[in-house]
Amino acid sequence: MEIWELGAKNIREQVLRKEISAQEVLDSFLARTAEVEPKIHAYIELIEPQARLDAARVDALIMRGEDPGPLAGLPVALKDNLNLKGVQCTCASRILEGYISPYDATAVKKLRKAGAVFTGKTNCDEFAMGSSTENSAFGVTRNPWDLQRVPGGSSGGSAAAVAAGMAPLSLGSDTGGSIRQPASFTGVCGLKPTYGRVSRYGLVAFGSSLDQIGPFGNSVWDCALALEAIAGEDPRDGTTSKRPVPRYTEGLKRPVKGLVAGVPREMMELVTDPGVRREFERALKIISDLGVTVVETSLPTTEYCLDVYYIIAPSEASSNLARFDGVRYGRRAKARDLDEMYYETRGQGFGIEVQRRIMLGTFALSAGYYDAYYLRAARIRTLVRRDFDKAFAAHDVLLSPTAPMVAFKIGERVDDPLAMYAADVLTVPVNLAGIPALSVPCGFSRPDESGPELPCGLQIMGKPYDEETVLALGYAFEEACSDWFVPKTAAMRKSLSSQEECEVVVRDTI
Ligand code: GLN
């Protein structure tokens, strides 16, 4: 077995026992990346020289008998909307091309301190706006399970990097589902923490009341380890909580027997793929066999969530993206006067979806329409929160499929924004409510008779700051499924090696 196949837990233990060095770990992942990245295109930029320095630093600590930190040389890929000092941060946008981060995001800084080795910046939808990673100015990322399909989005590069074995861990950001939905599409675990659990400092803002940074991993344990490292109060982000950070990895084995899980019927009505429904129902059976009481419940405002999200998120985005004006960051268009400079910089720099969101948000916030759109959406958001509060008064967790469908084909939805937005219908309620949710692989569906099987995810939603219960149930579920899921992933990775390289498809996004 190659080092990259061992899994984060084993790798870290072997590094700590000095059986392998952090540099050997990195070499193995880089060799794997050289083999499969031309097929996947998960990265916008690989940063091998810096990664080598990071790994050498970890090895030096271990040699001196010092504690290298809980991640002990584990390679981590970062979504390209997270600032990593000295490295370009593009948000997959032309407008930020050439912008070099002058500082580390807090989550990045914490990972570095925990002994992580950063491999590079991963592809995503421009400014995290999208559900397929096709809205990138730097080309499309492919799904390792089927190279003709999208990896989901917006953190598709981070998800695909982990799924293909190029990194054991990665970070993404989740504003409306951008960690969980790509985790579901690529058959890995992805966690969106409670709003306020992880500092957003250094994450390029999209919808500030919705955004959270979270990890992707091959297992629930891996996600728990990463969350433990990145969570906690940060004086630089006033929305972070003072609550102490639990040892999430140690809480994984807590008993799940006796938990009560609710399945919101309104969410089930939105599932379009019969295979996704079938696998979810099978997952429910496994969960009740674990001693969890599974009951139907109701979240009546579910039907409004997508509409509310697509008013609130673009409104916040229109304000957040005002800073990209050609004066402060990245590219500046040549122009005769200031107005033309703004106009040309933003017109040339932002892709079509980002421009659409800015227009939608500016409209919803404009004096004449504020009450009819933004204010109304904000009010309904309160009702959504109340729905969740009510549901959590009677249930420990809520369960649904992560997405109503499996990964769709590249190009299939890209010209139909509403069809694209529909991929988030089961994930956006969680962001509106600010609660934590995990996507864990729960089965396979074959939408195309002749095509390969594609993974689908189970979404476990929890009470605010109760990541521990969410993770414990995810862990118990995963243990119950590992005998069939793990070999399928191994087979997919093996077959990936023999696939032909794919050209990088850059969509004309302007
Ligand atoms: N797909 C959603 C959107 O386009 C969610 C994005 C995200 O979570 N960053 O807004």
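The structure we're discussing is the one just above.
Let me sum up the structure you'll find in this document. (Residues numbered from 1 in each chain as written. Predicted model: local features only at pLDDT ≥ 70, side-chain atom pairs only at ≥ 80, totals over all residues. Heavy atoms only, no water.)

## Remarks on a nonpolar patch on the surface
Phase 1 of the analysis: A contiguous nonpolar patch, built from Val327, Leu338 and Tyr342 and spanning about 250 Å² of accessible area, is present on the exposed surface.
Phase 2 of the analysis: Structurally, the position occupied by Tyr342 is in helix 11 (residues 338–349).
Phase 3 of the analysis: According to the relative accessible area criterion, Tyr342 is partly exposed, its value standing at 31%. (Patch = residues over 30% accessible without salt bridge, like charges linked within 9 Å, V, L, I, M, F, W, Y side chains within 5 Å. Areas by Shrake-Rupley, 256 points an atom, 1.4 Å probe, with all protein chains shown as cover. Salt bridge = Lys/Arg side-chain N within 4 Å of Asp/Glu carboxyl O. Helix = DSSP H or I, 4+ residues; strand = E, 2+ residues; numbered from the N terminus. Buried < 20%, exposed > 50% of the residue type's maximum accessible area, 1.4 Å probe, protein only.)

## Looking at the site of the ligand
Phase 1 of the analysis: Surrounding the ligand, one finds 15 residues, the nearest of these being Thr175, Gly176, Ser178, Tyr309 and Arg357.
Phase 2 of the analysis: Gly130 is positioned with one of its backbone polar atoms (N or O) 2.8 Å from a nitrogen atom of the ligand.
Phase 3 of the analysis: At 3.0 Å from a nitrogen atom of the ligand is found a side-chain nitrogen or oxygen belonging to Ser131.
Phase 4 of the analysis: In the complex, 100% of the free accessible area of the ligand, which totals 290 Å², lies under the protein chains. (Near = heavy atom within 4 Å. Polar contact = N/O pair within 3.5 Å; in protein donor to acceptor, adjacent residues only side chain to side chain.)

## Notes on the side chain of Lys192
Phase 1 of the analysis: Mapped onto the fold, Lys192 is located in strand 5 (residues 189–192).
Phase 2 of the analysis: Of the side chains with opposite charge, Asp174 lies nearest to the buried Lys192, which makes no salt bridge, at 6.1 Å.
Phase 3 of the analysis: For Lys192, the side chain forms a polar contact with the main-chain oxygen of Ile435, separated by 3.2 Å. (Lys, Arg positive; Asp, Glu negative; His and termini not counted.)

## Observations concerning the packing of helix 10 (residues 302–320) against helix 12 (residues 352–365)
Phase 1 of the analysis: The geometry of helix 10 relative to helix 12 is characterised by a closest axis approach of 7 Å and an angle of 100° between their N-to-C directions. On the basis of the axis angle, helix 10 is roughly perpendicular to helix 12. Counted together, Tyr310, Ile311, Pro314, Ser315 and Ser318 of helix 10 and Arg357, Ile358, Leu360, Gly361, Thr362, Ala364 and Leu365 of helix 12 form the full contact between these two elements.
Phase 2 of the analysis: Residues of the contact of helix 10 with helix 12, tallied by class, amount to seven nonpolar, four polar and one charged. (Axes fitted to C-alpha atoms, helices over the stretch in contact; angles between N-to-C directions. Parallel < 35°, antiparallel > 145°, perpendicular 65-115°, else oblique. Contact = heavy atoms within 4.5 Å. Nonpolar A, V, L, I, M, F, W, Y, C, P; charged D, E, K, R; others polar.)

## Brief notes about helix 2 (residues 22–40)
Phase 1 of the analysis: Relative to the 27 Å expected for 19 residues at 1.5 Å per residue, helix 2 spans 25 Å between its end C-alpha atoms, a close match to the ideal helical length.
Phase 2 of the analysis: Of all the bends in helix 2, the greatest reaches close to 40° and is centred on Ala34; the proline Pro38 follows between one and four positions later.
Phase 3 of the analysis: Count one or two residues on from helix 2 and you reach His41, which has phi positive near 60°. (Expected span 1.5 Å × (residues − 1). Bend = angle between axes of the 7 residues up to and from the residue.)

## What about the side chain of Arg357?
Phase 1 of the analysis: As for its placement among the helices and strands, Arg357 is situated in helix 12.
Phase 2 of the analysis: Under the relative-accessibility criterion, Arg357 is labelled buried at 1%.
Phase 3 of the analysis: Among residues more than four places away in sequence, those in contact with Arg357 are Met129, Gly130, Phe206, Tyr310, Pro314 and Tyr421.

## A short note on unusual backbone geometry
Phase 1 of the analysis: Between Gly153 and the following residue, Ser154, the backbone shows a cis peptide bond with an omega angle of 15°.
Phase 2 of the analysis: Relative to the helices and strands, Ser154 is located in the loop between strand 3 (117–122) and helix 5 (156–163).
Phase 3 of the analysis: Although it is not a glycine, Phe127 adopts a positive phi angle of roughly 50°.
Phase 4 of the analysis: Relative to the elements of secondary structure, Phe127 occurs in the loop between strand 3 and helix 5.
Phase 5 of the analysis: With a relative accessible area of 4%, Phe127 lands in the buried category.
Phase 6 of the analysis: One non-glycine residue, Ala128, lies in positive phi territory at about 65°.

## Side note on the environment of Gly411
Phase 1 of the analysis: Here Gly411 shows up in the loop between strand 9 (397–401) and helix 14 (417–421).
Phase 2 of the analysis: Judged by its relative accessible area of 39%, Gly411 falls in the partly exposed class.

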